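Residues per chain are reported as follows:
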Amino acid sequence: MKILQFYFLLITFLCLSCAEIPKKDTRQSKIGGKEQGQDSAKVQESDVRIWHFPYTGKKAIPCFADIPSHSLTISGFDTDGQGRFYIAGGDPLVVAAYEGCREIYRRVLDIPRIQYGMIHLYGDSLYIFNDRGMEVISMHSDGEGDIKSYSLPIDTCIDCTCSLSEPFYLNIRGIPQDSGRVCSLADIHTFSFFRFRLSDKHVEELSDYVDMPGDYYGKKDYLDSLEMGCKPPVKSKEAGELGDYVGTIGDNVIYVFRDGYEAGVVNVYSRQSGKHLLKYSIPGMPDLCPFSDDGTINEHCVTHFSGNVLLRMDCIYLIGFTPKRLDFQILEIDIKNIIKKNVHGR
């Protein structure tokens, strides 16, 4: 019996010794739970991941960076939600694709740096809104093939977003060509909504003004709720700042608030009732607008577009950077799993 026990222990030891030990990817980090302070939400290590990219040197992401002033600007970001990232930036504009932190390709476009633009993955194509040339540019997501351009009947643009349901549109707010209007951010009637439908490249102009019944957070959130067939969110002291609507997961409506620095919150509401279900404080969130050396706020945010917060494949993606480490970051939050544990798992 003792001999059999000896051989059993020997075989077990040999099996463990031969087991492959996975190598650690230092460019991707995971964040644990309670020590990060996530309110009452339960979070496991696998719920949050961060990818790290340099924004200076030969392997820098496409961007415009001014190291002394702690400023970094990119022109667009999107992901397929399965580990592939697309980043646009630089002057002239460059589009680069990554598998995790590994660069797959980069392509230089013959246009200057865009500021209030965006990049959006739709099907097998990337669509880029060029706010300098008032056009939508499309290219294959593998970086190959021709680049197409579609002109827009707009003189001035102040923002561009993408709809979050079919049919997919690029929603552009600006002043129509030859309208004679003067740009005034204080007057909503100055601007019109333009919708560029990605499926057939159709452009239409919509009125900007909408009458809103009831006491809602604002016009944009009300329109977003109607678009997805959701009840507008009910105001709640527990929720605090509502944030930006990023989409839905099943019967849950997701909003993300970030103040540009270190604070970030995900608020989850009921699609049917608008009731607040969950407040989740984002751990390890990268900065959008870091402070300058003298302690003042740096006005050069990493992006000027809504794509700094995305919901893809049931995960939330946020981008930002850390000037002291010259480090650009992509933060992934498995919000579906967090909701499952904290709302449906109660």
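Computed from a predicted model, the values in this text were never measured in an experiment.

Some details on the overall build of the protein chain
At step 1: The helix and strand tally for the protein chain stands at three helices and 23 strands.
At step 2: Residues classed as buried in the protein chain amount to 48% of the 346 residues present.
At step 3: The contacts in the protein chain between residues at least 6 apart in sequence include a share of 46% that link residues at least 24 apart.
At step 4: Summed over all atoms, the accessible surface of the protein chain reaches about 18000 Å², with 52% contributed by carbon and sulfur.

A word on unusual backbone geometry
At step 1: Each neighbour pair has its own omega, and for Asp91 with Pro92 the value is 5°, a cis peptide bond.
At step 2: Tracing the backbone through its elements, the reader meets Pro92 in the loop between strand 6 (84-89) and strand 7 (94-99).
At step 3: Its identity is not glycine, yet Met134 carries a phi of approximately 50°, on the positive side.
At step 4: For Met134, the position within the fold is in the loop between strand 10 (125-130) and strand 11 (135-140).
At step 5: The class for Met134 is buried, based on a relative accessible area of 10%.

A few points about the confidence of the model for the protein chain
At step 1: For the protein chain, per-residue confidence averages 77 on the pLDDT scale, and residues scoring 70 or more make up 71% of the total.
At step 2: Across residues 1-26 the pLDDT falls below 50, and counting only partners more than four positions away or on other chains, this stretch makes zero contacts in the model.
At step 3: Between residues 209-219, whose pLDDT stays under 50, and residues either more than four places distant or in other chains, the model counts 21 contacts.

Looking at the nonpolar core
At step 1: Within the largest apolar cluster, 22 residues are counted, with the highest numbers of intra-cluster contacts made by Ile254, Val266, Ile282, Ile316 and Leu318.
At step 2: For this core, the element with the highest residue contribution is helix 3 (residues 335-342), accounting for three residues.
At step 3: Beyond its immediate chain neighbours, meaning those up to four positions away, Ile316 contacts Ile254, Val256, Val266, Val309, Leu310, Leu311, Leu331, Glu332, Ile333 and Ile335.

Here we look at the pattern of salt bridges
Where charged atoms of side chains with opposite charge meet at close range, the side chains can pair.
At step 1: Applying the stated criterion across every chain yields a total of eight salt bridges.
At step 2: Close ionic contact of Asp78 with Arg312 constitutes a salt bridge, the shortest N to O distance being 3.0 Å. Placement of the pair is Asp78 in strand 5 (residues 76-79) and Arg312 in strand 21 (residues 309-312), with a sequence separation of 234 residues.
At step 3: Owing to a relative accessible area of 15%, Arg312 belongs among the buried residues under this scheme.
At step 4: For Arg325, the salt bridge is made with Asp327, and the minimal N-O distance between the two is 3.4 Å.
At step 5: Residue class for Arg325 comes out exposed when judged on its relative accessible area of 54%.
At step 6: A relative accessible area of 7% means that Asp327 is categorised as buried.

A short note on the pairing of strand 20 (residues 276-281)
At step 1: Pairing between strand 19 (residues 264-270) and strand 20: five bridges, direction antiparallel. Considered in strand 20, the bridge of Val265 is made with Ser281.

Things to note about helix 3
At step 1: By the burial criterion, the buried members of helix 3 are Ile335, Ile338, Ile339, Lys341 and Asn342. Around the axis of helix 3, the buried residues are gathered within 165° of arc, so they sit on the same side.

Let's talk about the packing of aromatic side chains
At step 1: Applying the stated rule across the entire model yields 12 aromatic pairs.
At step 2: On the basis of an interplanar angle of 65° and a centroid distance of 5.7 Å, the ring pair of Tyr122 and Phe168 is categorised as edge-to-face. Of the two residues, Tyr122 sits in strand 9 (residues 118-122) while Phe168 sits in the loop between strand 13 (154-162) and strand 14 (169-176), which places them 46 residues apart along the sequence.
At step 3: Overall, the relative accessible area of 23% leaves Tyr122 in the partly exposed class.
At step 4: Pairwise contacts between aromatic rings join Trp51, Phe53, Phe77, Phe85, Tyr98, Tyr317 and Phe328 into one cluster.
At step 5: Here the guanidinium or amino end of Arg113 rests over the ring plane of Phe64, the centre of that ring lying 4.5 Å away.

Focus: the sheet that holds strand 9
At step 1: The antiparallel open sheet is built from four strands, whose spatial order is 9-10-11-12. Pairing within the sheet leaves two strands with one partner each, and these edge strands are strand 9 and strand 12 (148-151). Taken pair by pair, the neighbouring strands of this sheet meet at an average axis angle of 20°, ignoring direction.
At step 2: As paired elements, strand 10 and strand 11 share six bridges and run antiparallel to each other. Each bridged residue has a counterpart across the sheet, and for Ile128 the counterpart in strand 11 is Ile137.

Structural notes on the sheet that holds strand 17 (residues 244-249)
At step 1: Within the open sheet, the four strands sit side by side as 17-18-19-20. Their pairing is antiparallel. Single-partner strands in this sheet number two, and they are strand 17 and strand 20. Averaged over all pairs of adjacent strands, the angle between their axes in this sheet comes to 20°, without regard to strand direction.
At step 2: Bridge count between strand 17 and strand 18 (residues 252-258): five bridges; the pairing is antiparallel. Across the sheet, residue Gly247 finds its bridge partner in strand 18, namely Ile254.
At step 3: In this fold helix 3 packs onto strand 17, strand 18, strand 19 and strand 20, with an angle of close to 120° to the strand it touches most, strand 20.

Analysis parameters
- Residues numbered from 1 in each chain as written.
- Predicted model: local features only at pLDDT ≥ 70, side-chain atom pairs only at ≥ 80, totals over all residues.
- Heavy atoms only, no water.
- Helix = DSSP H or I, 4+ residues; strand = E, 2+ residues; numbered from the N terminus.
- Buried < 20%, exposed > 50% of the residue type's maximum accessible area, 1.4 Å probe, protein only.
- Contact = heavy atoms within 4.5 Å.
- Areas by Shrake-Rupley, 256 points an atom, 1.4 Å probe, with all protein chains shown as cover.
- pLDDT = per-residue confidence, 0-100.
- Core = buried A, V, L, I, M, F, W, Y, C linked by side-chain atoms within 4.5 Å.
- Salt bridge = Lys/Arg side-chain N within 4 Å of Asp/Glu carboxyl O.
- Pairing = 2+ DSSP bridges.
- Arc of directions from axis to C-beta.
- Phe/Tyr/Trp six-rings, centres within 6.5 Å; stacked < 30°, edge-to-face > 60°.
- Lys NZ or Arg CZ within 6 Å of the ring centre and 35° of its normal.
- Axes fitted to C-alpha atoms, helices over the stretch in contact; angles between N-to-C directions.

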